[in-house]
Amino acid sequence: MVQIPNQPVPPSPAQRPVPTSADVARLAGVSRATVSYVLNNTSAVRISEPTRRRVHEAAKDLGYVPHAAARSLRAGHSRMVLMPAPTVPVGPLYGQFFNELQWALGRLDYTVVQYGSVGLHGDEAARAWAELRPVAVLVPGSGLGPEGVAVLKRSGARAVVTLGPERVEGAHALLMDHERVGHSAGAHLAARGRHRVGVVVPEEPGLEIFSRPRLEGVRRALRGSGATTTELPLAYEEEAAARLAARWRALGLDGVFAYNDEYAMLLMRALQDAGIAVPDETAVIGADDLMLGRLLRPRLSTVHIELPSGRDLAELVDRAVREPGAPPETHEVLGARVVHRDSS
């Protein structure tokens, strides 16, 4: 174990006074009200562009930033949008989506705070989120119930938005039907003449909210066709993939939907190492349409997942904040289409 050596604490320099909006106003030669209008992006008051530049330059020179708590008191609510950190590995596709969403909310003058709620779940986690007094909460996955939504709203949250398989009473819902992903993959394998289909189900805890609907989607696609479906539990480890590949021929499978591209790449490499030809002996398809899958040989077939744009979701949050009494909206937002490449 590497130890970090203790360093002597240097004497702290004399603390400079915190700059105020009055300091900015004096340096820019404007009123404090003008400073407030400019730095809070108030659209109701017309401020000339040269004046805006002077205010921003003065604030930058002084190191002044608006006081969030004071601004919240004036507005009657905060501009903080809280996003609980996902408790499961969401992968690159969802990571990109959340980054785009944070950028879009920032453009609307919201401050996005990601909250790590390790060990807290459902309504218990909602009470911890409520302590921060966010104006809106975006909850990925499942677990939040009506009681948690009520706790958040009583604490001042004007909008609660869930992203998951089902709606929650009192919250706006973005419904993500992952059964559609599995159905697309299963229908593709059936159309390619594969009749003994395996479906990878990750063993990592928490992923069942995605994997179980995808498994059911494959089963639904193959129902009535005479094809069989075999559930394949798999940990995201090279050794686990090698063990599965070693018994592949005994399983007699000629096609596999590997949950997503990452698991598909893991399994395909293990199958090839075991001497199983892809796609001649076994067709492989993943999901998410990651770039790395296009660089493999054979190129990986996949289900391209269409998520809502971060801008659209940011506008939904902003609309809900401005109209907190409006009925909750429900949108089905997950699309799926097969991208056929060499592996199937």
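What this report covers is the structure whose coordinates are included nearby. Keep in mind it's a predicted model, so treat the numbers as computed, not measured. (Residues numbered from 1 in each chain as written. Predicted model: local features only at pLDDT ≥ 70, side-chain atom pairs only at ≥ 80, totals over all residues. Heavy atoms only, no water.)

### Some remarks on helix α14 (residues 310-322)
Phase 1 of the analysis: Here α14 contains 13 residues, and its C-alpha end-to-end distance of 18 Å stays within 8% of the 18 Å for a straight helix at 1.5 Å per residue.
Phase 2 of the analysis: Buried within α14 are the following residues: Gly310, Leu313, Ala314, Leu316, Val317, Asp318, Ala320 and Val321. (Helix = DSSP H or I, 4+ residues; strand = E, 2+ residues; numbered from the N terminus. Expected span 1.5 Å × (residues − 1). Buried < 20%, exposed > 50% of the residue type's maximum accessible area, 1.4 Å probe, protein only.)

### Some thoughts on the nonpolar core
Phase 1 of the analysis: Core analysis: the largest hydrophobic core is formed by 42 residues, its most contacted members being Val81, Leu105, Leu138, Phe257, Leu313 and Val317.
Phase 2 of the analysis: For this core, the element with the most residues is helix α5 (residues 91-107), which contributes seven residues.
Phase 3 of the analysis: Judged by nonpolar contacts, the second largest core, of 28 residues, contains Val256, Ala270, Val278 and Val284. (Core = buried A, V, L, I, M, F, W, Y, C linked by side-chain atoms within 4.5 Å.)

### What about the pattern of salt bridges?
Pairing is possible between side chains that carry opposite charge, provided their charged atoms lie close to one another.
Phase 1 of the analysis: Applying the stated rule across the entire model yields 16 salt bridges.
Phase 2 of the analysis: Glutamate 147 is the partner of arginine 127 in a salt bridge, and the nearest nitrogen-oxygen pair spans 2.6 Å. Separated by 20 residues along the polypeptide, arginine 127 in helix α6 (residues 122-130) and glutamate 147 in helix α7 (residues 146-154) bring together distant segments of the chain.
Phase 3 of the analysis: Classification of arginine 127 by relative accessible area gives partly exposed; the value is 39%.
Phase 4 of the analysis: With its nearest N and O atoms 3.0 Å apart, the salt bridge here joins glutamate 329 to arginine 319. Here arginine 319 lies in helix α14 and glutamate 329 lies in the loop between α14 and β11 (330-332), a separation of ten residues in the sequence.
Phase 5 of the analysis: Judged by its relative accessible area of 22%, glutamate 329 falls in the partly exposed class.
Phase 6 of the analysis: One salt-bridge network, held together by shared partners, links Arg212, Arg219 and Glu231. (Salt bridge = Lys/Arg side-chain N within 4 Å of Asp/Glu carboxyl O.)

### Remarks on the sheet that holds strand β10 (residues 301-306)
Phase 1 of the analysis: Strand order in the open sheet made by the six strands is β7-β6-β8-β9-β10-β12, with mixed pairing throughout. For this open sheet the edge positions go to β7 (228-234) and β12 (335-339), each flanked by a neighbour on one side alone. If you compare each strand with its neighbour and ignore which way they point, the axes differ by 20° on average.
Phase 2 of the analysis: In the packing of helix α8 (residues 179-191) onto the sheet, the strands contacted are β6 (196-202), β8 (255-257), β9 (283-287), β10 and β12, and the crossing angle to β12 comes to about 25°. (Pairing = 2+ DSSP bridges. Axes fitted to C-alpha atoms, helices over the stretch in contact; angles between N-to-C directions. Contact = heavy atoms within 4.5 Å.)

### Notes on the sheet that holds strand β4 (residues 159-164)
Phase 1 of the analysis: What the six strands build is an open sheet, ordered β2-β1-β3-β4-β5-β11; its pairing is parallel. Two strands in the sheet have a free side with no partner beyond their single neighbour: β2 (111-115) and β11. Across the sheet, the mean angle separating the axes of adjacent strands is 15° when strand polarity is ignored.
Phase 2 of the analysis: Of the strands in this sheet, β1 (80-84), β3 (136-140), β4 and β5 (172-175) are in contact with α14, which crosses β4 at around 150°.

### Describing the pairing of β9
Phase 1 of the analysis: Counting buried positions along β9 gives five out of five residues, so the element sits mostly inside the fold.
Phase 2 of the analysis: Strand direction decides the pairing type here: β8 and β9, joined by three bridges, are parallel. When the bridges of β9 are listed, glycine 255 appears paired with alanine 283.
Phase 3 of the analysis: Regarding the hand of the β-α-β motif, the stretch spanning β8, helix α12 (residues 261-273) and β9 is right-handed.
Phase 4 of the analysis: In this sheet, β10 lies alongside β9 in parallel orientation, the contact comprising three bridges. Counted as the bridge partner of alanine 287 is valine 303 from β10. (Right-handed = clockwise from strand over helix to strand, strands pointing away.)

### Comments concerning the environment of tyrosine 259
Phase 1 of the analysis: Along the chain, tyrosine 259 turns up in the loop between β8 and α12.
Phase 2 of the analysis: Residue class for tyrosine 259 comes out buried when judged on its relative accessible area of 5%.
Phase 3 of the analysis: In contact with tyrosine 259, other than residues within four places in its own chain, are Val200, Pro202, Leu207, Phe210, Ser211, Arg214 and Ala287.

### Section: the packing of helix α10 (residues 238-246) against α12
Phase 1 of the analysis: The interhelical angle for the contact between α10 and α12, taken along N-to-C directions, is 50°, at an axis separation of 8 Å. Taken as axis vectors, α10 and α12 run oblique relative to one another. Viewed along their axes, α10 and α12 form a crossing whose handedness is right-handed. Residue-level contacts link Glu238, Ala241, Ala242, Leu244 and Ala245 of α10 to Leu266, Leu267, Ala270 and Leu271 of α12.
Phase 2 of the analysis: Considered class by class, the residues forming the contact of α10 with α12 number eight nonpolar, no polar and one charged. (Parallel < 35°, antiparallel > 145°, perpendicular 65-115°, else oblique. Left-handed = near helix turned anticlockwise from the far one by under 90°. Nonpolar A, V, L, I, M, F, W, Y, C, P; charged D, E, K, R; others polar.)

### Some details on the packing of aromatic side chains
Phase 1 of the analysis: Counted according to the given criterion, the structure contains two aromatic pairs.
Phase 2 of the analysis: Residues tyrosine 259 and tyrosine 263 carry aromatic rings whose centres are separated by 5.6 Å and whose planes lie at 85° to one another, so their mutual orientation is edge-to-face.
Phase 3 of the analysis: Classification of tyrosine 263 as buried rests on a relative accessible area of 5%.
Phase 4 of the analysis: Among the aromatic residues, ring-to-ring pairing joins Tyr236, Tyr259 and Tyr263 into one connected group. (Phe/Tyr/Trp six-rings, centres within 6.5 Å; stacked < 30°, edge-to-face > 60°.)

### Observations concerning the pairing of β3
Phase 1 of the analysis: Burial analysis of β3 places four of its five residues in the buried class, which makes it a mostly covered element.
Phase 2 of the analysis: In the sheet, β1 pairs with β3 via two bridges, with the strands oriented parallel. Bridge pairing in β3 links valine 81 to alanine 136.
Phase 3 of the analysis: Two strands pair when backbone bridges link them, and β3 and β4 are joined in this way by five bridges, in the parallel orientation.

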